[in-house]
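Letter by letter, the chains look like this.
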Amino acid sequence: MVSDPAAAAPPGHPVDPPPVRRMVPRDRHEPHRVATPLELFFDLCFVVAVGQAGRELAHSLAAGHYGEGLRGYTLTFFAIWWAWMNFTWFASAYDVDDVPYRVTTLVQIAGVLILAAGVPRLFATQDLTLAIVGYVVMRLAMVTQWLRAAAGEQGLARRVALGYAAGITLCQVGWVVVLFLPPGVRSYVIPVGVLCELAVPVIAELRMRTSWHPHHIAERYGLFTLIVLGETVAAATVAVQSAVDEHEGLGRLVPVAIGGLLICFSAWWIYFARSVHEHLRSNRQALVWGYGHYLVFGSAAAIGTGLEVAVDSAVHKAHISETAATATVTVPTALYLFTVWFLHSRHTKRGAVAQAVAPTGAVLVLACTALGGSGVLAAGLVCALMVVAGVLIHGRESRRAGVAGAGAGGAGAGGLGAR
């Protein structure tokens, strides 16, 4: 009796998978593991919420409401990032791609769209109702996934899955309670809720770690970074278009547009210059890398927000100084450059000069803030020069490696000939 339908099929004749499968861990070393269309759709829908949070932050910063804007953005982005990250690592371990799995994932997507709809209220009046409802929908859908995993596991692995399900459920009860607390009390309770969410994986995996696929995880994070950068470009483009239509200040917008494009293009180049999946060998390495991407994703999205503010400032629509408007671009850009280097690219670089490019560039981008209205263009030029320096250094290293390899080959051939 053949348990796998695909095994009974003649070669070259694919068999549709069964609508319901037993959820068991996938092989950590599975060859050719790539992101699925459902995961890509998941990312695209989550970026809707990212874009909504970015637009609301832009409005707050342009009006000079820095504290309220940053608090709302930090909280909203945590909810988006945490739900996205939990699903991503779970999928790397247990993606069976059957009907219940797909339906549950679509429910999570519905949850993030509810959250996105509640973002304007969260920023405007601190009304958390829709945002929390959307978040709870996402997280309870994740609970059903972990319960399915527990049903397919045994021993410690089953206890880990049940620990996740119990911990996530308790956290969601806490978030519902937050809705009934006075506004003044919420500001003290919310950080506790965030810490409880972060503690769930730590407690659940005390005795055993869940499996994950290094290449798949690296690709998933790269794809989400790519989509967030695309949303940044789109937000900046819409801002420029609106400013031109309303104020006809094209001459003042050209430097911001050029600088913004150079920053976005460089951000893409720097992140994807080299693959990092070989660095993700252990849970400890993956933990720092995966959690640290909160800053990568958040700063990448905030670059688009800053460009919107810089555009408003260029047409005298923002109620802040040119220096402050420029800082809304240079600060997240510098944070992105440094965190991508620290978490990602430094593991593939060799030599002090190569390692110094990104941190030095981040400092120079911050220094561009002092240039005021021309600071965005200057920051874009610094980012472009970073890319050029990285390409030249990598080319020199490649040539040296080629010469060394040729020399070793020649010596080896000579030795063989002498024998």
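Definitions and limits used
- Each chain carries its own residue numbering, running from 1 in the direction its sequence is written.
- It should be noted that, the model being predicted, local features are given only for residues of pLDDT at least 70 and side-chain atom pairs only at 80 or more, the latter also being counted only at that level, while totals for whole chains, interfaces and linings use all residues.
- Hydrogens and water are ignored here; the side-chain numbers use all heavy atoms of the structure.
- Labels follow the DSSP assignment, with helices taken as runs of H or I lasting at least four residues and strands as runs of E lasting at least two, numbered in each case from the N terminus.
- In this scheme, a residue with accessible area under 20% of its type's maximum is buried, one over 50% is exposed, and one in between is partly exposed, where area comes from a 1.4 Å probe on protein chains only.
- Contacts were defined at the residue level, with two residues in contact if any of their heavy atoms lie within 4.5 Å.
- To measure how exposed things are, a 1.4 Å probe is used in the Shrake-Rupley method; for residues, cover is taken only from the protein chains shown.
- The aromatic pairing rule takes the rings of Phe, Tyr and Trp, using the six-membered ring of Trp, and pairs them if the centres are within 6.5 Å, calling planes under 30 degrees apart stacked, those over 60 edge-to-face and the rest tilted.
- Under this scheme, a helix contributes an axis fitted over its contacting stretch, all axes are lines through C-alpha atoms, and angles between N-to-C directions fall in the 0 to 180 degree range.
- Our angle categories are set so that under 35 degrees counts as roughly parallel, over 145 as roughly antiparallel, 65 to 115 as roughly perpendicular, and the remainder as oblique.
- In this scheme, a crossing is called left-handed if the near helix is turned counterclockwise away from the far one by less than a right angle; it is called right-handed if the turn is clockwise.
- Each residue gets one label: Ala, Val, Leu, Ile, Met, Phe, Trp, Tyr, Cys and Pro are nonpolar, Asp, Glu, Lys and Arg are charged, and the others, such as Gly, are polar.
- In this scheme, a helix's expected span is set at 1.5 Å multiplied by one less than its residue total.
- By the criterion applied in these results, polar contacts are pairs of N or O atoms within 3.5 Å in which, for protein atoms, one can donate a hydrogen and the other can accept it, and in which residues neighboring in sequence qualify only through two side-chain atoms.
- To count toward a patch, a residue needs a relative accessible area above 30% and no salt bridge. Like charges then connect within 9 Å, nonpolar side chains (Val, Leu, Ile, Met, Phe, Trp, Tyr) within 5 Å.
- The salt bridge definition used is simple: a Lys or Arg side-chain nitrogen within 4 Å of an Asp or Glu carboxyl oxygen.
- Nonpolar core, defined: a set of buried Ala, Val, Leu, Ile, Met, Phe, Trp, Tyr and Cys residues in which side-chain atoms within 4.5 Å join the residues together.

Draft legend 1. Quick look at the overall build of the chain. Within the chain one finds 13 helices and zero strands. For the chain, the N- to C-terminal ordering of α and β elements is α-α-α-α-α-α-α-α-α-α-α-α-α. Dimensions of the chain along its principal axes, counting C-alpha atoms only, are 85 × 75 × 40 Å. The 419 residues of the chain split such that 47% are buried. Residue pairs in contact within the chain that sit at least 24 positions apart in sequence constitute 81% of those at least 6 positions apart. Here the chain has roughly 19,900 Å² of accessible surface; of this, 69% comes from carbon and sulfur atoms.

Draft legend 2. Spotlight on the packing of aromatic side chains. Within this structure, the stated rule accounts for 30 aromatic pairs. Centre to centre, the rings of F78 and W81 are 5.9 Å apart; their planes meet at 55°, and the pair counts as tilted. Here F78 pairs with W81, and both are found in helix α3 (residues 66-94), just three residues apart, close to one helical turn. The exposure class assigned to W81 is buried, which follows from its relative accessible area of 5%.

Draft legend 3. Structural context of the packing of helix α9 (residues 250-272) against helix α10 (residues 283-314). Look at α9 against α10: their axes get within 9 Å of each other, and the N-to-C directions meet at 170°. Between α9 and α10, the angle is such that the two are roughly antiparallel. In this structure, the crossing between α9 and α10 has a hand that is left-handed. From α9, R252, L253, V256, G260, I263, C264 and Y271 reach across to α10, where they touch W289, H293, V296, I303, L307, A310, V311 and A314. When the residues that make up the contact of α9 with α10 are grouped by side-chain class, the tally is twelve nonpolar, two polar and one charged.

Draft legend 4. View of α9. End to end, α9 covers 32 Å across 23 residues, agreeing with the expected 33 Å (1.5 Å per residue, within 8%). The complete set of buried residues in α9 reads L253, V256, G259, G260, I263, C264, S266, A267, I270 and Y271.

Draft legend 5. View of the side chain of D95. Among the structural elements, D95 can be located in the loop between α3 and α4 (99-125). Here the side chain of D95 touches D97 through a polar contact of 3.0 Å, landing on its backbone nitrogen. Discounting chain neighbours no more than four positions away, the residues touching D95 are R26, R33, T36, E39, F90 and Y101.

Draft legend 6. Seen up close, a nonpolar patch on the surface. The grouping of L226, W268, W269, F272 and V391 at the surface amounts to a nonpolar patch, some 470 Å² of accessible area in total. The dominant element in the nonpolar patch, judged by the number of residues it contributes, is α9, at three residues. Its location among the elements puts W269 in helix α9.

Draft legend 7. Representation of the nonpolar core within the structure. Core analysis: the largest hydrophobic core is formed by 120 residues, its most contacted members being F46, L115, W146 and Y336. In contact with Y336, not counting residues within four places along its chain, are T225, L229, A267, Y271, V296, S299, A300 and I303.

Draft legend 8. Representation of the environment of A218. Inspection of the secondary structure puts A218 in helix α8 (residues 214-247). A218 sits eleven residues away from L229 along the chain, and the two C-alpha atoms are 16 Å apart.

Draft legend 9. The arrangement of the packing of helix α2 (residues 37-62) against α3 in detail. Direction vectors running N to C along α2 and α3 enclose 170°, while the axes themselves pass 8 Å from each other. In terms of axis orientation, α2 runs roughly antiparallel to α3. Facing α2, whose interface residues are E39, F42, D43, F46, A49, V50, A53, G54, L57, S60 and L61, α3 presents Y66, G69, L70, Y73, T76, F77, I80, A83, W84, F87 and A91. Partitioned by chemical class, the residues of the contact of α2 with α3 number 16 nonpolar, four polar and two charged.

Draft legend 10. Quick look at α2. Between its terminal C-alpha atoms α2 stretches 37 Å, which fits the 38 Å expected from 26 residues at 1.5 Å a residue. Of all the 26 residues making up α2, 19 are buried; the element is thus mostly covered by neighbouring parts of the structure. Directly after α2, the chain includes G64, whose backbone phi takes a positive value near 85°.

Draft legend 11. Region of the structure containing the environment of A110. By secondary structure assignment, the location of A110 is in helix α4. Linking A110 and G134, residues 24 residues apart in sequence, is a C-alpha distance of 7.7 Å.

Function-wise, these values are silent; they only describe arrangement.
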